[in-house]
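Take a look at the letters that make up each chain.
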Amino acid sequence: MTGAPRPHDDAHLTTALTPAWPERAAWGTAPSLRAWQTAAMKDYLERSPRDFLAVATPGAGKTTFALSVAAELIGRRVIDRVTVVAPTEHLKLQWAEAAAKAGIPIDPTYSAGKGKISSDFLGIAVTYAGVAVNPLALRIRTERFRTLVILDEVHHAGDALSWGEGVREAFEPAAKRLALTGTPFRSDVNPIPFVTYAPGDDGIPRSVADYTYGYGHALADHVVRPVLFLAYSGEMSWRTRAGDEIAARLGEPLTKDMTNQALRTALDPAGSWIPSVLAAADKRLTEVRRHVPDAGGLVIATDQESARAYAKTLRAITGEAPTVVLSDEKAASKKITAFTSSDTRWMVAVRMVSEGVDVPRLAVGVFATTIATPLFFAQAIGRFVRARNRGETASIFLPSVPVLLGHASEMEVERDHVLGRRITDEDDIFAAENDLLAQAEAGEGASDELDGASFEALGSEATFDHVLFDGDQYGSEEEMDFLGIPGLLEPQQMRELLQQRQADGARAQKAREALAQARRGAAGGEPDTVAEVSTHEQLAVLRRELNGLVGAWHHRTGQAHGITHAALRKECGGPAAAVANAEQLRARIDRVREWAVKKSG
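One numbering rule holds for all chains: residues counted from 1, following each sequence as written. The predicted origin of the model limits local features to residues at a pLDDT of at least 70 and limits the giving and counting of side-chain atom pairs to 80 or more, whereas totals for whole chains, interfaces and linings rest on all residues. The basis for every side-chain value is the complete set of non-hydrogen atoms in the structure, without hydrogens or water.

Draft legend 1. Here's a closer look at the overall build of the protein chain. Working definition: helices are DSSP H or I runs of at least four residues, strands are E runs of at least two. Numbering for both runs from the N terminus. Summing up its helical and strand segments, the protein chain has 20 helices and 19 strands in all. What makes two residues a contact is simply this: any of their non-hydrogen atoms within 4.5 Å. Here the contacts in the protein chain between residues at least 6 apart in sequence split such that 74% fall between residues at least 24 apart. Accessible surface, the protein chain as shown: approximately 27,600 Å² in total, 52% of it carbon and sulfur. In these tables, accessible area is a Shrake-Rupley quantity obtained with a 1.4 Å probe, and a residue counts as shielded only by the protein chains included in the view.

Here it is as structure tokens:
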């Protein structure tokens, strides 16, 4: 296309970009691009492929990489125009702002069929849905200019058949196509346009990335923050459509249906689970803001009604109205932008900030949604991992549900999009058909509404379960110790601290067992007493013994832990935190045992 008009000769477009824009660069990368961006760009320019797929963990800087490539190709006169395809309207604006800083003016207001754009722009930004509306108009534009098409979060091109077909029709004639994603895996078998697939060891086609930069590598390079997951369980009760009242503990082995119902009960705004977890998360945010004054928190809700209710609860807890972002609001993008540049504590959203949205100051999150797919989870957690300064830590509060804990423990696993499913034996010959049937049934909105109407949450209670970090679990009865972990730790320091806490707990348990054995061996059946406890470790042993007995009492009677502790304080005197000697602790332990004997009698 030698006759295609060329952009004006802007010399500044040929210069190297500043380091991901300095304020966004990871520690140690200035004044150049990050190491992975440089390596990926070198590979791209050396091979000069027509199609290139870059898979990089959320927060690693895919936007910077893509715009660096665009600037270089424009400077070399390889392309004349840039078209960015993004999942949402807000991301179009975000791309336009980032491109402007890189010296590439992009029009985010373009719509298919609009015709010519102002000569001030070198490109346009559209959504995947917008492409599907009028792919022919975009194809004509793509044929007219030597165009680089940047497909942001390209896995969305497979969200709907019309989207994939529209992308393929519109951009088949493009001179260059650069596909970006942080999560190339999908749960369906729709192939992603312009992505290469190759058979794996099992013969099933998988997506092939030209360059991959996973979370594990980014964590080692200090490009992203380490993530500390704080899992909460608790007692749940609900009524089924048959009128049966069911009580179960969140996180314990349950059927799939019961797990889903227990999760919905926990996330019910009228229960006690959500207020308790939000209060704990806000306390964690306060601790982090001691080191990072503008740190913010995000609550991801299932629906708009829940989002508004969570916001009301947060306002009661903090005394400050949080920012509420709903997907159907025209001002949603402006709210996100305003929150990004403010020092407001909390934002509550449904799905607007689950993917691609850049709010670097987010440090504390509450995963309060029933959406539990690997794709959504990865993108949601990706909002918290972008590192601004070395040593920052992200804290995510989430329900103690097996599927979510599984996703959290696999943060560093790299995945590809798999087309199809391998049939392993004769009993599984209908697996593919069963999958299609399940998808069809899942799409029936009427049945979903009926099931929702028949379910009634009766009550919930939150109990701290454990900390999950780097795939390992660390448990403790003393939740506040975890909430007090400093907000500025290296991943290795965080790992060593938690391992040290675990080792201390094991030693304390051994000390407790030794004390119990000594009591049992006392001659003449002397009373089970300890004359004096002076060390911190011995006090910890007694506290754990007390907490264990209270837990056993709870499982026997159903009485909440907090109610039991309150009764003990009333009878024995003094709050638990103020207990400094063995006598007060032993009095409480003996009282619990008395209650147990009385109850058994």
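Now, onward.
Draft legend 2. Representation of the pairing of strand E2 (residues 81-86). The buried fraction of E2 amounts to six of the six residues, a majority that puts the element mostly inside the structure. Inspection of the sheet shows E2 paired to strand E5 (residues 147-151) by five bridges, in the parallel sense. Its bridge partner lying in E5, Arg-81 is registered against Thr-147. By the bridge criterion, five bridges tie E2 to strand E4 (residues 123-127) in an arrangement that is parallel. In the sheet register, Val-85 faces E4, and the bridge partner there is Val-126. Throughout this description, buried means an accessible area under 20% of the type-specific maximum (1.4 Å probe, protein chains only), exposed means over 50%, and partly exposed covers the range between. DSSP bridges decide pairing: two strands pair if at least two such bridges lie between them.

Draft legend 3. Representation of the pattern of salt bridges in the model. One side-chain nitrogen of Lys or Arg within 4 Å of one carboxyl oxygen of Asp or Glu is enough to make a salt bridge. As enumerated under the stated definition, the model contains 13 salt bridges in all. A salt bridge links Arg-47 to Asp-43; the shortest N-O distance between them is 3.1 Å. Here Asp-43 and Arg-47 lie together in helix H1 (residues 35-47), a separation of four residues that amounts to about one turn. Of the charged contacts in the structure, one is a salt bridge between Arg-239 and Glu-245, with a shortest N-O distance of 2.9 Å. The exposure class assigned to Arg-239 is partly exposed, which follows from its relative accessible area of 24%.

Draft legend 4. Broad picture of the sheet that holds E4. The sheet built from seven strands is open, its strands ordered E3-E4-E2-E5-E6-E1-E9 with parallel pairing. For this open sheet the edge positions go to strand E3 (106-107) and strand E9 (211-213), each flanked by a neighbour on one side alone. Examined bridge by bridge, E3 and E4 share two bridges and lie parallel to one another. Pairing of Asp-107 across the sheet is with Ile-124, part of E4. Lines fitted to the C-alpha atoms define the axes, with helices restricted to the stretch that makes contact. Angles between their N-to-C directions range from 0 to 180 degrees. Its contacts with the sheet place helix H5 (residues 135-144) against E2, E4 and E5, and it is angled at close to 155° to E4.

Draft legend 5. Region of the structure containing the nonpolar core. With 108 residues, the main nonpolar core has Phe-65, Phe-229, Trp-273, Val-299, Tyr-310, Val-366 and Phe-397 as its most contacted residues. Ignoring any residue separated from it by four or fewer positions in sequence, one finds Phe-65 in contact with Trp-36, Gln-37, Ala-40, Met-41, Phe-52, Ala-54, Leu-178 and Leu-180. Core analysis: the next-biggest nonpolar cluster, separate from the first, contains 23 residues, Val-55, Val-131, Ala-170 and Phe-194 among them. Side-chain atoms within 4.5 Å link the members of a nonpolar core, which is a set of buried Ala, Val, Leu, Ile, Met, Phe, Trp, Tyr and Cys residues.

Draft legend 6. Quick peek at the confidence of the model for the protein chain. Per residue, pLDDT captures the predictor's confidence, and it can take any value from 0 to 100. In this model, the protein chain carries a mean pLDDT of 75, and residues with pLDDT of at least 70 account for 64%. Looking at the elements of the protein chain, mean pLDDT is at its lowest for helix H14 (residues 431-442), recorded as 39, and at its highest for E5, recorded as 96. Throughout residues 575-580 the model reports pLDDT below 50, and contacts reaching past four residues in sequence, or to other chains, amount to ten contacts.

Draft legend 7. Up close: the packing of H1 against helix H2 (residues 62-75). At a minimum axis distance of 10 Å, the contact between H1 and H2 shows a crossing angle of 40°. For the pair H1 and H2, the crossing hand works out as right-handed. Between H1, through Trp-36, Gln-37, Ala-40, Met-41, Tyr-44 and Leu-45, and H2, the contact on the second element is made entirely by Lys-62, Thr-64, Phe-65, Ser-68, Val-69, Glu-72 and Leu-73. Residue composition of the contact of H1 with H2, grouped by class: eight nonpolar, three polar and two charged. For a crossing to be left-handed, the near helix must be turned anticlockwise from the far one by less than a right angle; the clockwise case is right-handed. Residues are sorted three ways: Asp, Glu, Lys and Arg are charged, Ala, Val, Leu, Ile, Met, Phe, Trp, Tyr, Cys and Pro are nonpolar, and all the rest, Gly among them, are polar.

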